[in-house]
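# A structural walkthrough
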Amino acid sequence: MLEEDMEVAIKVVVVGNGAVGKSSMIQRYCKGIFTKDYKKTIGVDFLERQLLVNDEDVRLMLWDTAGQEEFDAITKAYYRGAQACVLVFSTTDRESFEAIGSWWEKVEIEVGDIPTVLVQNKIDLLDDTHGRMDHEEAEGLAKKLKLRFYRTSVKEDLNVNEVFKYLADKYLQRL
Ligand code: GDP
């Protein structure tokens, strides 16, 4: 059981191909902002936000990958001690969806079985003709991997809070 008044801090890694919206999601959730050309802040490993889940104070530390994801050069330090994970792909980038399986495996290898969600971001761009992802396929993958599935628009602030609330909740259930 948790001791009273003890704050729970959870390291969350946000993982997926480049340009799917990981940094934007972290910025949105922690700072409440969305910018089209957000430049990653050098030297900042993570941003954090506090929330209350079932009367429990929870601090989420959201770790960004600093743009190294395409080079497979993310250091062990990034994954070390991760307690929850967001797997992100983009509505407009089929390749990013196809890469989810290998991201999921990577997380499993580095940190084992931790609370994880599958997120389809940029659903505000569903009407774009190129590379459109139909959600049945994504739901199928979520089922196969036994993951909760969310569709978000970081741009329009749709479902972003729900993703992190779910993860915090799921994490607390395991304590
Ligand atoms: P990262 O490389 O995965 O961290 O992706 P970024 O956060 O840098 O986002 C890549 C681009 O996608 C940026 O131009 C963002 O503004 C844009 N973006 C992120 N989320 C959304 C979204 O939900 N909708 C739209 N239309 N654009 C988004």
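Residues numbered from 1 in each chain as written. Predicted model: local features only at pLDDT ≥ 70, side-chain atom pairs only at ≥ 80, totals over all residues. Heavy atoms only, no water.

The protein chain has the name Ras-related protein Rab-23 in an unreviewed UniProt entry, where Oncorhynchus kisutch is given as its organism. Taken verbatim from the UniProt record of the protein chain, the Subunit (unreviewed entry) comment is "Interacts with SUFU." (UniProt positions renumbered as here; feature names shortened; annotations may be inferred.)

### Digging into helix α1 (residues 22–31)
The element α1 is largely enclosed, with a buried count of nine among its 10 residues. Burial in α1 covers these residues: Lys-22, Ser-23, Ser-24, Met-25, Ile-26, Gln-27, Arg-28, Tyr-29 and Cys-30. Contacts from the buried residues of α1 go to β1 (8–15), β2 (46–53), β3 (56–63), β4 (84–90), β5 (116–121) and α6 (160–174). Looking one or two places after α1, you find Gly-32, whose phi comes out positive at around 75°. (Buried < 20%, exposed > 50% of the residue type's maximum accessible area, 1.4 Å probe, protein only. Helix = DSSP H or I, 4+ residues; strand = E, 2+ residues; numbered from the N terminus. Contact = heavy atoms within 4.5 Å.)

### Things to note about the pattern of salt bridges
The tally for this structure, following the rule as stated, stands at six salt bridges. Ionic pairing is found between Glu-48 and Arg-59, a salt bridge with its closest N-O pair at 2.9 Å. Of this pair, Glu-48 sits in strand β2 while Arg-59 sits in strand β3, and the two are 11 residues apart along the sequence. Arg-59 sits in the partly exposed class, given a relative accessible area of 22%. Arg-174 serves as the salt-bridge partner of Asp-113, at 3.8 Å between the closest nitrogen and oxygen. (Salt bridge = Lys/Arg side-chain N within 4 Å of Asp/Glu carboxyl O.)

### As for unusual backbone geometry
Non-glycine residue Asp-55 carries a positive phi angle of around 65°. Inspection of the secondary structure puts Asp-55 in the loop between β2 and β3. The backbone of Lys-122 sits at a positive phi, close to 65°, despite the residue not being glycine. Looking at Lys-122, the relative accessible area reads 23%, which means it is partly exposed.

### With respect to the site of the ligand
As a structural note, the neighbourhood of the ligand is formed by 19 residues, with Ala-19, Lys-22, Ser-24, Lys-36 and Asp-124 the closest of them. Take Ser-23: an N or O atom from its main chain is 2.8 Å from an oxygen atom of the ligand. At a separation of 2.6 Å, an oxygen atom of the ligand approaches a polar side-chain atom of Ser-24. Protein contacts shield 86% of the accessible area of the ligand, which totals 590 Å² for the unbound molecule. In terms of residue count, the dominant contributor to the shell around the ligand is α1 (three residues). The class makeup of the residues in the shell around the ligand is five nonpolar, eight polar and six charged. (Near = heavy atom within 4 Å. Polar contact = N/O pair within 3.5 Å; in protein donor to acceptor, adjacent residues only side chain to side chain. Areas by Shrake-Rupley, 256 points an atom, 1.4 Å probe, with all protein chains shown as cover. Nonpolar A, V, L, I, M, F, W, Y, C, P; charged D, E, K, R; others polar.)

### Some points on the nonpolar core
The biggest cluster of nonpolar side chains holds 30 residues, and the ones touching the most others in it are Ile-10, Val-12, Leu-60, Val-86 and Phe-164. Every element with two or more residues in this core is listed here: β1, α1, β2, β3, β4, β5 and α6. Looking at which element gives the most residues to this core, the answer is α6, with eight residues. Excluding residues within four positions of it along the chain, Phe-164 makes contact with Val-12, Met-25, Tyr-29, Leu-60, Leu-62 and Val-86. If you look at the next biggest cluster of nonpolar residues, it comprises 24 residues, including Val-13, Phe-97, Ala-99 and Ile-114. (Core = buried A, V, L, I, M, F, W, Y, C linked by side-chain atoms within 4.5 Å.)

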